[in-house]
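# Architecture and fold: a report
Each chain, letter by letter, is given below.
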Amino acid sequence: MTATAQFPDEQSDDGAFVRQGDAFRDWVTTDGSSPYPAVAGRYHLYVSLACPWAHRTVIVRALKGLEGTIGMSVVDPFRDDLGWAFRSVPGAGPDPINGFTYLSEAYLATDPRYRGRVTVPILWDTHTKRIVSNSDDDIMRMLETAFDAFGDASLDLYPAQHRAEIDALNETIYETVNNGVYKAGFATSQDVYAAAAYEVFQTLDALEEQLSTRRYLFGASPVETDWRLFVTLIRFDAVYHGHFKCNLRRIVDYPNLSGYVRDLYQIGEVAATVNFDHIKRHYYATHEEINPTRIIPIGPVQHLLTPHGREHLG
């Protein structure tokens, strides 16, 4: 029996999930080099609290103190055949900026010929009424660097002395962990699934060792790489371990990684950005090819506010 792909347009002949590229990659700048100047009140984030890619941008917005500078709307975690929708459900609501019913309307307003999959997050320009970017990497970097005049300029998540190392580790973590769990979960052949799943744990094992002597990936303070990793780790035991069959080990089975997740979760307003109801309802109820019953599991119980014990690490 041939398995049915969750996203047929992004599936290779051998059963591998091949994620589509980002369609819109303009930039907000401070030096006038783009049509999008960094000004307060002009831009709006459309996100899903279920999606790890969107979650990265939500975290940076909170850490940089940009809530009053960049608005944010949350879509319903349940994505049906028409895509991400704006509904009045707990933790989400209608679109206050454009009155969109579906996020696809933002894509078609920007490019009426767009036919790809509609994804979150997007950074919307309220002046030109178009998408600036639907690249979570780019949006995260813009929020980190372009809005210091309005937020916490002292928080540097992309320090110059580590940028080459950050870029390299970002790429490894993206390929083998962030997107790796999807490559395992959306695979439609045994060999492709197994290769992707083993690769996830090879990287997790290496990160467990690295975090035995460092509090964070680059030392005493989190940088953007830590937050890029966090959004996958915080979902791992609740979703990826079972739903995506990445089940060699759980994060709670790794002493250093589990402490590291608790450490990051307990920073500032980060805990408020984590919504396990949205996370589980999205994955288990939306991916009907993987979970046709759409039954949402009741667990796991996670003790994310217990002491992490990592303060002594440099």
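Data block above holds the structure.
Given the structure is predicted, the values throughout are model-derived calculations rather than measurements.

### A short note on the nonpolar core
Counting residues in each nonpolar core, the largest one holds 93 residues, and the members touching the most others are Val28, Leu103, Leu204 and Phe230. The element contributing the most residues to this core is helix 7 (residues 224–240), with 10 residues. Once residues within four sequence positions are removed from consideration, Phe230 is found in contact with His55, Ile59, Val261, Leu264, Tyr265, Val270 and Val274.

### Examining the sheet that holds strand 6 (residues 130–133)
Reading across from one edge, 4-3-5-6 is the order of the four strands in this open sheet, with mixed pairing throughout. Of all the strands in the sheet, the pair left with one neighbour each is strand 4 (71–74) and strand 6. In this sheet, neighbouring strand axes are inclined to one another by 35 degrees on average, regardless of whether the strands run parallel or antiparallel. Bridge analysis of strand 5 (residues 122–125) against strand 6 gives three bridges, and the strand direction is antiparallel. Each bridged residue has a counterpart across the sheet, and for Trp124 the counterpart in strand 6 is Ile131. In the packing of helix 1 (residues 52–63) onto the sheet, contacts are made with strand 3 (43–47) and strand 4, and the angle to strand 3 comes to roughly 135 degrees.

### Describing the layout of surface pockets
Roughly 490 Å³ of internal volume is contained in the largest pocket. Around the largest pocket sit 19 residues that line it, and Phe7, Arg79, Asp80, Asp81 and Arg117 are the ones nearest its centre. Split into classes, the residues belonging to the lining of the largest pocket amount to five nonpolar, six polar and eight charged. If you add up the space inside the second largest pocket, you get close to 420 Å³. The wall of the second largest pocket is formed by 24 residues, among which Arg19, Trp53, Arg117, Thr119 and Val120 lie closest to the centre. Of the residues contributing to the lining of the second largest pocket, the split by class is 11 nonpolar, six polar and seven charged.

### Things to note about unusual backbone geometry
Along the chain, Val120 connects to Pro121 via a cis peptide bond; the corresponding omega equals 5 degrees. Counting through the fold element by element, Pro121 comes out in the loop between helix 2 (104–110) and strand 5. Residue Gly299 is joined to Pro300 through a cis peptide bond whose omega torsion reads 0 degrees. Here Pro300 shows up in the segment after helix 9 (276–286). Positive phi, normally seen in glycine, also occurs at Lys245, with a value near 60 degrees. Position of Lys245 relative to the elements: it lies in the loop between helix 7 and helix 8 (255–265).

### Some words on the side chain of His287
Residue placement: His287 occurs in the segment after helix 9. With near-sequence residues (within four places) excluded, His287 lies in contact with Gln6, Arg79, Phe186, His243, Phe244 and His282.

### Considerations on the side chain of Ser135
Along the polypeptide, Ser135 turns up in the loop between strand 6 and helix 3 (136–145). Those residues within four positions of Ser135 in sequence are excluded, and the remaining contacts are Asp22, Phe24 and Arg25.

### Here's the deal with the environment of Asp263
When you line up the elements, Asp263 lands in helix 8. For Asp263, the side chain forms a polar contact with the side chain of Arg215, separated by 2.7 Å. Within the structure, the side chain of Asp263 is placed 3.4 Å from the side chain of His308, a separation counted as a polar contact.

### Points about the pattern of salt bridges
The tally for this structure, following the rule as stated, stands at 19 salt bridges. Between Asp148 and Lys64 there is a salt bridge, and its shortest N-O distance comes to 2.7 Å. Residue Asp148 is found in the loop between helix 3 and helix 4 (163–178), and its partner Lys64 is found in the loop between helix 1 and strand 4; the two are separated by 84 residues along the sequence. A residue is classified by how much of its surface remains accessible, and Lys64, at 1% relative accessible area, is buried. A salt bridge links Glu288 to Arg294; the nearest nitrogen and oxygen atoms lie 3.8 Å apart.

Definitions and limits used
Residues numbered from 1 in each chain as written. Predicted model: local features only at pLDDT ≥ 70, side-chain atom pairs only at ≥ 80, totals over all residues. Heavy atoms only, no water. Core = buried A, V, L, I, M, F, W, Y, C linked by side-chain atoms within 4.5 Å. Buried < 20%, exposed > 50% of the residue type's maximum accessible area, 1.4 Å probe, protein only. Helix = DSSP H or I, 4+ residues; strand = E, 2+ residues; numbered from the N terminus. Contact = heavy atoms within 4.5 Å. Pairing = 2+ DSSP bridges. Axes fitted to C-alpha atoms, helices over the stretch in contact; angles between N-to-C directions. 1 Å grid on protein atoms, 1.4 Å probe; cavity = no way out; pocket = protein on both sides within 12 Å on 5 of 7 lines; lining within 4 Å. Points joined across faces, edges and corners; volume = space filled by probe spheres on them. Nonpolar A, V, L, I, M, F, W, Y, C, P; charged D, E, K, R; others polar. Polar contact = N/O pair within 3.5 Å; in protein donor to acceptor, adjacent residues only side chain to side chain. Salt bridge = Lys/Arg side-chain N within 4 Å of Asp/Glu carboxyl O.

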